[in-house]
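What follows is the residue order along each chain.
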Amino acid sequence: MMPQSSAIYTVKELNEKIQELVSGEPWLGSLGVEGEITGLGRDKRGHMYFSLKDPSGVLSAVMFAGKQIHGLGFEPVNGDKVHAFGHIDVYVRDGKYQLYVDRLVRVGDGEVNARLERLIARLDAMGLFSQEYKKPVPAYPRNIGIVTAGAKAAISDIKAVAKRRDPYAQLICYPATVQGQYAAADISHGIEVLDAMGLDLIIVGRGGGSKEDLWAFNEEQVAWAIFNAETPIISATGHEIDTTVADMVADRRESNPSTAVMHALPVVADTVAVLEHKYEIMTAIMENRLERLARMLDSYDRQIRLLSPEGRLDKQKEQIDRIESDIRSAMRARLDGLTDRLDGYGVRIDDGMHRKYEKYKNALDVMTERIHGLSPTAKLVGGYGYISSAGDAVRSAADADCGDEINITLHDGSIQAVVSAVHMEE
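Computed from a predicted model, the values in this text were never measured in an experiment.

Engineer: In this structure, what is going on with the overall build of the chain? I would like to understand it.
Structural biologist: Counting secondary structure elements, the chain contains 11 helices and 14 strands. Looking at the chain as a whole, 31% of its 426 residues qualify as buried. For the chain, restricting intrachain contacts to residue pairs at least 6 apart in sequence, the fraction spanning at least 24 positions comes to 61%. On the chain, roughly 27500 Å² of surface is accessible, and the fraction owed to carbon and sulfur atoms is 54%.

Engineer: Looking at this structure, how should I read the nonpolar core?
Structural biologist: Side chains that are nonpolar tend, in soluble globular proteins, to be buried together. Core analysis: the biggest nonpolar cluster contains 31 residues, and V147, I187, I191, V204, I226, I233 and V245 have the highest contact counts within it. Sorting the residues of this core by element identifies α3 (109–125), α5 (183–195), β8 (201–205), α6 (220–228) and α7 (245–249) as the ones contributing at least two each. Take this core: its biggest share by element is five residues, from α5. If we ignore the near neighbours within four places in the chain, the residues touching I191 are V147, I202, V204, A225, I226, A229 and I233. The next biggest cluster of nonpolar side chains, apart from the first, holds 20 residues, and it includes I37, V82, A84 and V101.

Engineer: Please explain the pairing of strand β11 (residues 386–389) as it appears in this structure.
Structural biologist: Within a regular strand, side chains alternate between the sheet's two faces. Here β11 pairs with strand β13 (residues 405–410) via three bridges, running antiparallel. Residue pairing for β13: S388 is matched across the bridge by N407. Sheet topology places β11 next to strand β12 (residues 392–393); two bridges connect them, and they run antiparallel. By the bridge assignment, S388 is partnered in β12 with A393. Linking two consecutive strands that pair antiparallel, namely β11 and β12, is a turn of two residues; a positive phi of about 55° is found at A390 within it.

Engineer: Explain the sheet that holds strand β6 (residues 143–148) to me, please; I cannot follow it from the model alone.
Structural biologist: In sheet architecture, strand pairing relies on hydrogen bonds along the backbone and comes in two forms, parallel and antiparallel. The strand order β7-β6-β8-β9-β10 describes an open sheet built from five strands, whose pairing is parallel. Looking along the sheet, the strands with just one partner apiece sit at the ends: β7 (170–175) and β10 (252–253). Relative to β8, β6 is paired through four bridges, and the arrangement is parallel. Bridge assignment links I146 to a residue of β8, and that residue is I203.

Engineer: Just to check I follow, could you spell out α6 for this structure?
Structural biologist: Helical periodicity: at 3.6 residues per turn, an α-helix aligns residues three or four positions apart in one direction. V222, A223, A225 and I226 are the residues of α6 that are buried. The buried residues of α6 occupy an angular sector of 165° when projected down its axis, which confines them to one face.

Engineer: What exactly am I supposed to notice about the packing of α5 against α6 here?
Structural biologist: Packed helices, taken two at a time, are described by the angle between their axes plus the distance between the axes. Remark: α5 packs on α6, axes separated minimally by 8 Å, with the N-to-C direction vectors making an angle of 5°. Classified by the angle their axes make, α5 and α6 are roughly parallel. Counted together, A184, A185, I187, S188 and I191 of α5 and Q221, V222, A225 and I226 of α6 form the full contact between these two elements. Looking at the contact of α5 with α6 residue by residue, the classes come out as seven nonpolar, two polar and no charged.

Engineer: I'm lost on a positive patch on the surface in this one. Help?
Structural biologist: A grouping of R289, R292, R295 and R334 is seen on the molecular surface, where their side chains present a positively charged patch. With three residues, helix α9 (residues 268–307) is the largest single contributor of residues to the positive patch. Secondary-structure assignment places R295 in helix α9. The exposure class of R295 is exposed, given its relative accessible area of 52%.

Engineer: Help me understand the packing of helix α4 (residues 152–165) against helix α8 (residues 257–264) in this model?
Structural biologist: The interhelical angle for the contact between α4 and α8, taken along N-to-C directions, is 15°, at an axis separation of 9 Å. Taken together, the axis directions place α4 and α8 in an arrangement best described as roughly parallel. Relative to α8, α4 is oriented so that their crossing is right-handed. Residues D157, I158, V161, A162 and R165 of α4 form the contact with α8, whose participating residues are P257, S258, V261 and M262. Residue composition of the contact of α4 with α8, grouped by class: six nonpolar, one polar and two charged.

Engineer: What should I look at first to understand α4 in this one?
Structural biologist: When the terminal C-alpha atoms of α4 are compared, their 20 Å separation across 14 residues agrees well with the 20 Å that a helix rising 1.5 Å per residue should span. Within the span of α4, buried status applies to I155, I158, V161 and A162. For α4, the angular spread of the buried residues around the axis is 125°, confining them to a single face. Of the exposed residues in α4, those oriented more than 90 degrees away from the buried face are K152, A153, K163 and R164.

Engineer: Can you walk me through the side chain of D247 in this structure?
Structural biologist: Positionally, D247 belongs in helix α7. A distance of 3.4 Å separates a polar atom in the side chain of D247 from a polar atom in the side chain of T237. One polar contact links D247 to R253, side chain to side chain, over a distance of 3.3 Å.

Engineer: Got a minute to help me understand the pairing of β7 in this structure?
Structural biologist: Inspection of the sheet shows β6 paired to β7 by six bridges, in the parallel sense. Directly across from N143, in β7, lies its bridge partner Q170. Handedness of the crossover joining β6 and β7 through α4: right-handed.

Rules of the game
- For every chain, the first residue of its written sequence is number 1, and the numbers climb from 1 along that sequence.
- Reporting of local features is limited, given that this is a predicted model, to residues whose pLDDT is at least 70; pairs of side-chain atoms are given and counted only at 80 or more, and all residues count toward the totals for whole chains, interfaces and linings.
- Side-chain measures here rest on the full set of heavy atoms in the structure, leaving out hydrogens and waters.
- Secondary structure follows DSSP: runs of H or I at least 4 residues long count as helices, runs of E at least 2 residues long count as strands, and numbering of each begins at the N terminus.
- Each residue is assigned to one of three classes by its accessible area relative to the maximum for its type, calculated with a 1.4 Å probe on protein chains only: buried under 20%, partly exposed between the two thresholds, exposed over 50%.
- Any two residues having at least one pair of non-hydrogen atoms within 4.5 Å are treated as being in contact.
- Methods summary: accessible areas were calculated by the Shrake-Rupley approach with a probe of 1.4 Å, and residue burial reflects only the protein chains presented.
- For the purposes of this section, nonpolar cores are sets of buried Ala, Val, Leu, Ile, Met, Phe, Trp, Tyr and Cys residues that join through side-chain atoms within 4.5 Å.
- The rule for pairing is simple: two strands pair if DSSP sees at least two bridges between them.
- The arc in question is formed by the directions pointing from the helix axis toward the C-beta atoms.
- Every angle, taken between N-to-C directions, lies between 0 and 180 degrees, and every axis is a line fitted to C-alpha atoms, over only the stretch in contact when it is a helix.
- Here the angle decides the label: under 35 degrees means roughly parallel, over 145 means roughly antiparallel, 65 to 115 means roughly perpendicular, and every other value means oblique.
- Charged residues are taken to be Asp, Glu, Lys and Arg, nonpolar residues to be Ala, Val, Leu, Ile, Met, Phe, Trp, Tyr, Cys and Pro, and polar residues to be all remaining types, Gly included.
- Only residues whose relative accessible area exceeds 30% and that form no salt bridge enter a patch; like-charged residues are grouped when within 9 Å of one another, and nonpolar side chains (Val, Leu, Ile, Met, Phe, Trp, Tyr) when within 5 Å.
- One speaks of a salt bridge when a side-chain nitrogen belonging to Lys or Arg is within 4 Å of a carboxyl oxygen belonging to Asp or Glu.
- Neither His nor the chain ends is counted toward charge; the positive residues are Lys and Arg and the negative residues Asp and Glu.
- In this description, the location of a charge corresponds to atom NZ of lysine, CZ of arginine, CG of aspartate or CD of glutamate.
- For any pair of crossing helices, the crossing counts as left-handed if the nearer helix is rotated counterclockwise from the farther one by less than a right angle, and right-handed if it is rotated clockwise.
- Take the number of residues in a helix, subtract one, and multiply by 1.5 Å to get its expected span.
- Whenever two N or O atoms come within 3.5 Å, that pair is a polar contact, provided that in protein one can donate a hydrogen and the other can accept it, and provided that, for residues adjacent in sequence, both atoms are side-chain atoms.
- Seen with its strands pointing away from the viewer, a crossover is right-handed when the path leading from the first strand over the helix to the second is clockwise.

What follows is the structure, given as structure tokens:
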């Protein structure tokens, strides 16, 4: 007996019927799934596509950009263990069912934060955050160590800030790993290395990042390195929302390394202006005092003339004249001394700037000579040539055969030649 023929569906019709079946299951309309994120990606509209996996299987998932505004409180990465809340539906075009996520929560945040709170409480009980151990940050640091990421742009920005404020300050940068498994050990080592150099100040931090990116600055190893350092330390982790353990142990906190350098270094021009202003004030004070003393002397002279005989008056007048002369000489000598000191400061500043200019000029000349020595054109001028065959470089005798046409490029032209013999060195 022939079996009764089954109904024939188009692919779309079948997928739509399966979608109806899935949509008709209430428990699939609102559920949570635990798994590990894998295959994470975003499209140009901001929709996030990924899979949830566990040891037994994989589930496709999508979280649209609109859901991420209120349903995503962290930046997910592959490997995160999460709880995904949403509903199951079928994508008719591809015949694929997937989880449409409304809310995504990372599993373990509570445990991590609890562990951090326990560490903070323990370090606080041991006195690492106590004000009595905070070292004063010097007002005029000359040698500053910086432990931060070795990115060229970040270091250049820090140096530019320092040069604008105090071109005579010396910066010593320790390029450290500031994120990842070995970050805490590398940051701690950098602090210890710079601390042993006897610097005036050390800045520890990075230009910013998420809470996870800055986690190395919450490690106990870094906290003890900062606490045990004899050099004053500024923590500059670039995270305004949360305070790291490094911020709490350090002697001062700034928003990022560049800002820390800016606040640590006074502007040289401003300092000179302050000294000049103080000199003017001191000069005015001295002149006022001299005038006041002169008026007092005139008053004494009048009193003597009224109360004393002529001889006594002359004697007293001579004595007063000597006192006035001595006072004026002393005041003038002091003013001259202050003027000489200020002149000396100006000469020292000018000499320092000239030495700095000559140092950088000599370094530039050396680098120019080195670059010229490495130039291919310089090699050609020295008698060397560049050999090519059919557009390819001839680097070995094995690259040419008898009868090959070769081109020899010299510094002032080229030579066409034909290979008559090839000799290989044994």
